[in-house]
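# Remarks on the overall topology
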Amino acid sequence: MDYKIPTPVIETLKTLTEAGFEAYIVGGCVRDLILGREPKDWDITTDATPDKTLSLFPDSFYENEFGTVGVKVVPFLTGGKEGREHDIVEVTTYRTESGYTDSRRPDAVTFVSTLHEDLARRDFTMNAIAMRPVGDGSDVETTDPFDGAGSIRDKVIRTVGSPDERFGEDALRMMRAVRFFAELGTGWQIENDTLEAIRKHADSLARVSHERIRDEFSRIILSDHPMEGVELLRTTGLLRHIIPELEEGFGVTQNLHHIYTVWEHNLRALSTCPSKKLEVRLAALLHDVAKPRTKRGEGYRATFYNHDHVGARMTRTILTRLRYPKSVVEKASLLVDQHLFYYNVGEVTEASVRRLIRRVGLENMDDLMDVRIGDRLGSGVPKAKPYKLRHLEYMIDKVSKDPVSVGMLAIKGTDLIEALGLEPGPIIGAILDVLLAEVIEDPSRNVREALLERAAALANEEIGALRELAKEKIEEKREADDAKIRKAHWVE
Ligand code: ATP
Ligand code: MG
């Protein structure tokens, strides 16, 4: 087999071997080479101690507290940032990780002297193969004591050694097994004893840090087979330590609009969501998470009023607990909150599209559309025709330059103060809010003179009355929009 190891990696191996050390590529990159997939990153394992490695490579640094050394090399990875100065090859000294007293991280790493010992501490056989170029570099030699190549050929995910012990040491490995299953896809299986052990040890995931769980979960969500991955998380018992709220939808039937249970629909919405963005895929998975808690009635007329807003709150709780960054939490819960927007060609006015944009933000409209596409395709009873969404896109485009926020009004607060001689204070904001509500209804009003004239009239009102007025104008319409949603989804 002809394996292509990039030149900067070959050079790094060479520097180590010429200094008298052993050095191999190892782990995910070897697995991916054998699979014919392009490795995302390249790891080297060596008998050189971190200090020795540091001294051999002037452009290197400690990557972490366990003595991994990052060697800076000329950029060669595809998919990196354009114009970056370097890529990193990680060089790790042969080691074992001992004492996972809390199923989280090794208490300590111990350097060992042989490659075999280093391979033996790795999680899965397919990840425990070492490889190095031989001769002029056109050929390679592999060291594969656990028959990882056989596992790859047979498409099985199997632990190195006893699965009981390996999951007992580090419970995160169970999620890694599911993650690899979701990434590798068709035909791959988790070997029986390994799968049995995951079921048996699933509850020890509770002791793993939320951050580590989050990172593996994200990779499952972003994989090519997220639905199969999340389903496997459920059947193994891992999901109840990640997002137990999702399991509430298992076996919960819906109504005449749906052929799938809440659980299955959430999964299908995820798998058909066209977006590759984490927060959008999370929103697709969680968009109906509140349906079990809001369900009223049974059978084809069951309703789920308010599941969008309750779901947005649940999404915030879930993603915050998993330690997702605030930006991801806010974005995903906004998308869940707004996923029910009403749209019917010919029926919906430009003003209501502007109100939707005002609520969602123009920059989030594409993502909201992607959640909706997943929702529709994942329903099994496609009701909204795609042309509806294309038409909405056209409408959004059409009104996208129209004012939907105070900042887009043709006058500013300072104009009110200067031109009308008003005192600075909260009244200014209250007047602008009324003007905005009116401009959203009719953008032709967004002209300086007309706005100043209207503002002068409004300035005679009490602030309380102004606030009431702005609220009425927005809320009244909002309620009309909501009523349409309820009517369209009368059984939802
Ligand atoms: P990818 O980079 O595609 O995510 P990978 O297999 O390289 O997959 P990494 O997390 O980069 O995964 O880890 C590199 C290697 O380190 C693995 O292939 C495996 O040999 C070892 N490894 C990583 N995490 C663990 C763990 N929790 N327990 C045992 N070995 C591990
Ligand atoms: Mg890797």
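Quick notes on the rules
Per chain, residues are indexed from 1 in the order of the written sequence. Following the order in which they are written, the chains are lettered starting with A and the ligands numbered starting with 1. Local features are withheld for residues below a pLDDT of 70 in this predicted model, meaning they are given only at 70 or higher, and side-chain atom pairs are given and counted only at 80 or more; totals for whole chains, interfaces and linings count all residues. Calculated side-chain values reflect all of the structure's heavy atoms, with hydrogen atoms and water omitted. Strands here are runs of E lasting at least two residues and helices are runs of H or I lasting at least four, both read from the DSSP assignment and numbered beginning at the N terminus. Partly exposed describes any residue whose relative accessible area lies between the buried limit of under 20% and the exposed limit of over 50%, with all areas from a 1.4 Å probe on protein chains only and scaled to the type maximum. By the convention used here, residues are in contact when the closest approach between their heavy atoms is within 4.5 Å. His is not counted, nor are the chain ends; Lys and Arg add positive charge and Asp and Glu add negative charge. Positions of charges follow a simple convention, taking NZ of Lys, CZ of Arg, CG of Asp or CD of Glu. If a single non-hydrogen atom of a residue is within 4 Å of a molecule or strand, that residue counts as near it. Under the rule applied, a polar contact is a pair of N or O atoms within 3.5 Å (in protein, one hydrogen donor and one hydrogen acceptor; residues adjacent in sequence only if both atoms are side-chain atoms). Computed by Shrake-Rupley with a 1.4 Å probe, the accessible areas treat only the displayed protein chains as cover when residues are assessed. The way it works is a 1 Å grid over only the protein atoms, where trapped points that fit a 1.4 Å probe form a cavity and open points with protein on both sides within 12 Å along at least five of seven lines form a pocket, and then any residue with an atom within 4 Å of a point lines it. A pocket or cavity is taken to hold a molecule when more than half of that molecule's atoms are within 2 Å of the pocket's grid points. A pair of Phe, Tyr and Trp rings is counted when the ring centres sit within 6.5 Å of each other, with Trp represented by its six-membered ring. The angle between the planes then sorts it: under 30 degrees is stacked, over 60 is edge-to-face, the rest tilted. Both a distance and an angle decide whether a charge sits over a ring: NZ of Lys or CZ of Arg must be within 6 Å of the ring centre and within 35 degrees of the ring normal. Under this scheme, a helix contributes an axis fitted over its contacting stretch, all axes are lines through C-alpha atoms, and angles between N-to-C directions fall in the 0 to 180 degree range. Here the angle decides the label: under 35 degrees means roughly parallel, over 145 means roughly antiparallel, 65 to 115 means roughly perpendicular, and every other value means oblique. Under the grouping applied here, Gly and all other residues not named as nonpolar or charged are polar, the nonpolar ones being Ala, Val, Leu, Ile, Met, Phe, Trp, Tyr, Cys and Pro and the charged ones Asp, Glu, Lys and Arg. An automatic or database domain assignment supplies the residue ranges for each domain. Think of it this way: DSSP has to see at least two bridges between two strands before they count as a pair.

### A word on the overall build of the protein chain
Summing up its helical and strand segments, the protein chain has 23 helices and eleven strands in all. Looking at the protein chain residue by residue over its 492 residues, the buried ones come to 50%. Pairs at least 24 residues apart make up 67% of the contacts formed inside the protein chain by residues separated by at least 6 positions. For the protein chain, the centre of its 69 positive side-chain charges and the centre of its 83 negative side-chain charges are spaced 5 Å apart.

### Side note on the site of ligand 1
By nearness alone, 17 residues border ligand 1, and Arg31, Lys40, Asp170, Arg173 and Arg219 come closest of all. Between ligand 1 and the protein, one listed contact pairs an oxygen atom with a backbone N or O atom of Asn127 at 3.0 Å. Within the side chain of Arg176, an N or O atom sits 3.0 Å from an oxygen atom of ligand 1. About the coverage of ligand 1: the protein hides 83% of its 580 Å² of free accessible area. Structurally, ligand 1 is housed in the largest pocket. For the shell around ligand 1, the elements supplying multiple residues, two or more each, are α2 (28-35), α7 (172-184) and α9 (210-222).

### Points about the packing of aromatic side chains
Using the criterion set out here, one finds two aromatic pairs in the structure. Relative to Phe180, the ring of Phe124 lies with its centre 6.0 Å away and its plane at 85°, an arrangement referred to as edge-to-face. Taken together, the residues Phe124 in the loop between α4 (115-120) and β8 (130-134) and Phe180 in helix α7 connect sequence positions 56 residues apart. Residue Phe124 shares its accessibility class with Phe180, and that shared class is buried. Against the face of Phe180 rests Arg179, its NZ or CZ located 4.4 Å from the ring centre.

### Some remarks on the packing of helix α17 (residues 350-360) against helix α21 (residues 426-441)
Two elements in contact, α17 and α21, have axes whose closest approach is 8 Å; the angle formed by their N-to-C orientations is 130°. It follows that α17 is oblique to α21 by the angle criterion. Between α17 and α21, the residues in contact are Ala351, Arg354, Arg355 and Arg358 and Leu436, Val439, Ile440 and Glu441, respectively. For the contact of α17 with α21, the class distribution of residues is four nonpolar, no polar and four charged.

### Thoughts on the domain arrangement of the protein chain
One frequent convention defines the size of an interface as the accessible area lost when the parts assemble. Examined at the domain level, the protein chain breaks down into domain 1 (7-152), domain 2 (155-242), domain 3 (274-399) and domain 4 (408-488). When each unit is reduced to the centre of its C-alpha atoms, the spacing between domain 3 and domain 4 is 28 Å.

### What to know about the sheet that holds strand β9 (residues 139-143)
Sheet architecture is open: seven strands sit in the order β3-β4-β5-β2-β1-β8-β9, paired in mixed fashion. One side of each edge strand has no neighbouring strand; the edge strands of this open sheet are β3 (60-62) and β9. Averaged over all pairs of adjacent strands, the angle between strand axes in this sheet comes to 35°, irrespective of strand direction. Two strands pair when backbone bridges link them, and strand β1 (residues 23-26) and β8 are joined in this way by two bridges, in the antiparallel orientation. Within β8, the residue paired with Val26 across the bridge is Ala130. Contacting β1, β2 (43-46), β4 (69-73), β5 (87-93) and β8, helix α1 (residues 7-18) runs over the sheet at an angle of about 145° to β1. The strands touched by α2 within the sheet are β1, β2 and β8, with β1 carrying the most contacts at an inclination of about 65°.

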